[in-house]
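Single-letter residue listing:
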Amino acid sequence: MSVIGVDAGGTLTKVVYEENGRLHYKTFTSEQQGSVLQWLTIPAQNHKLYITGGKAEKWAEAFPQVRIVGEFKAVCRGAKLLLKEEKNDLNQFILINIGTGTSIFKVDENGCERLLGSGLGGGTLMGLGGLLTGESDYYELVRLSKEGKRELVDLSVGDVYETMNSPVPQHLTAANFAKGDSSSKKEDKLRALTNLIAETIILLASQASQAHNIEHFVFIGSTLKSNPALKEDLIQFQDMLSYTPLFPEKGAYAGSLGAFDIGREEELSQNRQ
Ligand code: ATP
Ligand code: MG
């Protein structure tokens, strides 16, 4: 029986399935569970669903042919496959999943371990970004953020030390948002927000990488979709903190691809029995 992999996350539901020997990738909002179910009704008649993500159990109620897969296992498995596809077959890396919130994992030959997480993530960009600007569309938020200058909102070390020599580089942030006021532009506030998310994630990830002596950071999650500002802010410390960033192109689908692959393996081994 063929397999469909689903990652039902806090915000988005990602689907991976195979047709005519090729993998297909689709995204729905998690609120659209009804439409996804409708869309899946025909293919699901001869497919088995392998579902991961925080909303996986909601699916089990609606679909009898469902197997739930652990989220950490699915995400790490999918990330490894995406890297392999892009000829970046790494033995060990720090995996950073920027979804609604952010989770950080260590992946190596011993498997996958969740090290830490943060409530700063794509949901923060949507929620706080919306509060700061009145915009609610993801693509509009990331478009505006790309146009913005965070130095008009963030207080830098250089702003504090002015002409004096500073003990840390002048361009570093002294206080996020400390220069923001009611005249701050939407673009600049959103860029400062994107940077706040990126800075925090990099600080956490670099603590993890130093503790485990791992150089590569692999970023996944839908918050990186069409979001050059976030990517730019995530790579800004690579020289200072010595990490090598990687952004697999289909990083949004790591969880769904992992669930799909775990399902495919299980079905194959059952057919052999
Ligand atoms: P989690 O893993 O934390 O439960 P999730 O799996 O739903 O959440 P992702 O799908 O990886 O998380 O990322 C969700 C984020 O992606 C949103 O918070 C938003 O910043 C961004 N995003 C990208 N495309 C869209 C879209 N079309 N609609 C809403 N958010 C989007
Ligand atoms: Mg997710």
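As the structure is a prediction and not an experimental result, all values here were calculated from the model. (Residues numbered from 1 in each chain as written. Chains lettered and ligands numbered in written order. Predicted model: local features only at pLDDT ≥ 70, side-chain atom pairs only at ≥ 80, totals over all residues. Heavy atoms only, no water.)

Asks: Explain the overall build of the protein chain here, please?
Replies: What the protein chain contains, in helices and strands, is 10 helices and 12 strands. For 273 residues, the compact-globule estimate of 2.2 N^0.38 gives 19 Å, and the protein chain sits close to it at 20 Å. Residues counted as buried form 47% of the 273 residues belonging to the protein chain. Restricting the contact set of the protein chain to residue pairs at least 6 apart, pairs at least 24 apart contribute 60%. Just so you have it, the protein chain exposes about 13700 Å², and 48% of that area is on carbon and sulfur atoms. (Helix = DSSP H or I, 4+ residues; strand = E, 2+ residues; numbered from the N terminus. Rg over C-alpha atoms; globule rule 2.2 N^0.38 Å. Buried < 20%, exposed > 50% of the residue type's maximum accessible area, 1.4 Å probe, protein only. Contact = heavy atoms within 4.5 Å. Areas by Shrake-Rupley, 256 points an atom, 1.4 Å probe, with all protein chains shown as cover.)

Asks: In this structure, what is going on with the environment of Leu144? I would like to understand it.
Replies: Along the polypeptide, Leu144 turns up in helix 5 (residues 138-147). The class for Leu144 is buried, based on a relative accessible area of 6%. Between the alpha carbons of Leu144 and Gly129 there is a distance of 10 Å; along the sequence they are 15 residues apart. If near-sequence neighbours (up to four positions away) are discounted, Leu144 is found in contact with Glu135, Lys186, Glu187 and Leu190.

Asks: Honestly, the pairing of strand 1 (residues 2-8) in this entry has me stumped. Any pointers?
Replies: Residues in a regular strand project their side chains so that they alternate between the two faces of the sheet. Counting buried positions along strand 1 yields six of seven residues, so the element is predominantly enclosed. Where strand 1 lies against strand 2 (residues 12-19), five bridges are found, and the strand directions are antiparallel. By the bridge assignment, Ala8 is partnered in strand 2 with Thr13. Between strand 1 and strand 2, which pair antiparallel in sequence order, lie three residues. (Pairing = 2+ DSSP bridges.)

Asks: Can you help me understand the site of ligand 1 in this one?
Replies: Around ligand 1 there are 18 residues in total, and Thr11, Leu12, Lys14, Thr100 and Ser222 lie nearest to it. Take Thr11: an N or O atom from its main chain is 2.7 Å from an oxygen atom of ligand 1. With respect to the pocket detection grid, ligand 1 is positioned in the largest pocket. Mapped by element, the contributors of at least two residues to the shell around ligand 1 are strand 2, helix 4 (122-133) and helix 5. Mapping the shell around ligand 1 onto the domain boundaries places at least three of its residues in each of domain 1 (2-85 + 254-272) and domain 2 (93-247). (Near = heavy atom within 4 Å. Polar contact = N/O pair within 3.5 Å; in protein donor to acceptor, adjacent residues only side chain to side chain. 1 Å grid on protein atoms, 1.4 Å probe; cavity = no way out; pocket = protein on both sides within 12 Å on 5 of 7 lines; lining within 4 Å. Sits in = over half its atoms within 2 Å of the grid points. Domains from an automatic or database assignment.)

Asks: Just checking my understanding: could you explain the domain arrangement of the protein chain for this structure?
Replies: Reports often express the size of an interface as the amount of accessible area lost when the parts come together. Taken as a whole, the protein chain is organised into domain 1 (2-85 + 254-272) and domain 2 (93-247). Between domain 1 and domain 2, the residue contacts involve 12 residues of the former and 14 residues of the latter. Its largest share of buried area at the contact with domain 2, domain 1 owes to Phe72, Cys76 and Leu83, together 44% of the area lost on that side. Counting the contacts that link domain 1 with domain 2 gives zero salt bridges. (Buried area = accessible area lost by both parts, 1.4 Å probe. Salt bridge = Lys/Arg side-chain N within 4 Å of Asp/Glu carboxyl O.)

Asks: I would appreciate a short explanation of the sheet that holds strand 5 (residues 66-68) in the present structure.
Replies: Sheets are built from strands that pair by backbone hydrogen bonding, the pairs being arranged parallel or antiparallel. Strands sit in the order 3-2-1-4-5 across an open sheet of five strands; the sheet is mixed. Each having just a single partner strand, strand 3 (22-29) and strand 5 make up the two edges of the open sheet. Direction aside, neighbouring strands of the sheet carry axes that sit 20° apart on average. Of the strands in this sheet, strand 1, strand 2, strand 3, strand 4 (47-52) and strand 5 are in contact with helix 10 (residues 254-272), which crosses strand 1 at around 150°. (Axes fitted to C-alpha atoms, helices over the stretch in contact; angles between N-to-C directions.)

Asks: So what exactly am I meant to see when it comes to the environment of Leu203 here?
Replies: With respect to the helices and strands, the residue Leu203 is situated in helix 7 (residues 186-212). Between the C-alpha atom of Leu203 and that of Leu241, which follows or precedes it by 38 residues, the distance is 9.0 Å.

Asks: Sorry, what's going on with the sheet that holds strand 12 (residues 244-246) here?
Replies: Within the open sheet, the five strands sit side by side as 8-7-6-11-12. Their pairing is mixed. If you trace the sheet from one side to the other, it starts and ends with strand 8 (111-118) and strand 12, each paired once. Put simply, the sheet's adjacent strands are angled 25° from each other on average, direction ignored. Strand contacts of helix 7: strand 6 (93-98), strand 7 (102-108), strand 8 and strand 11 (216-220), with the helix running at about 140° to strand 8, the strand carrying the most contacts.

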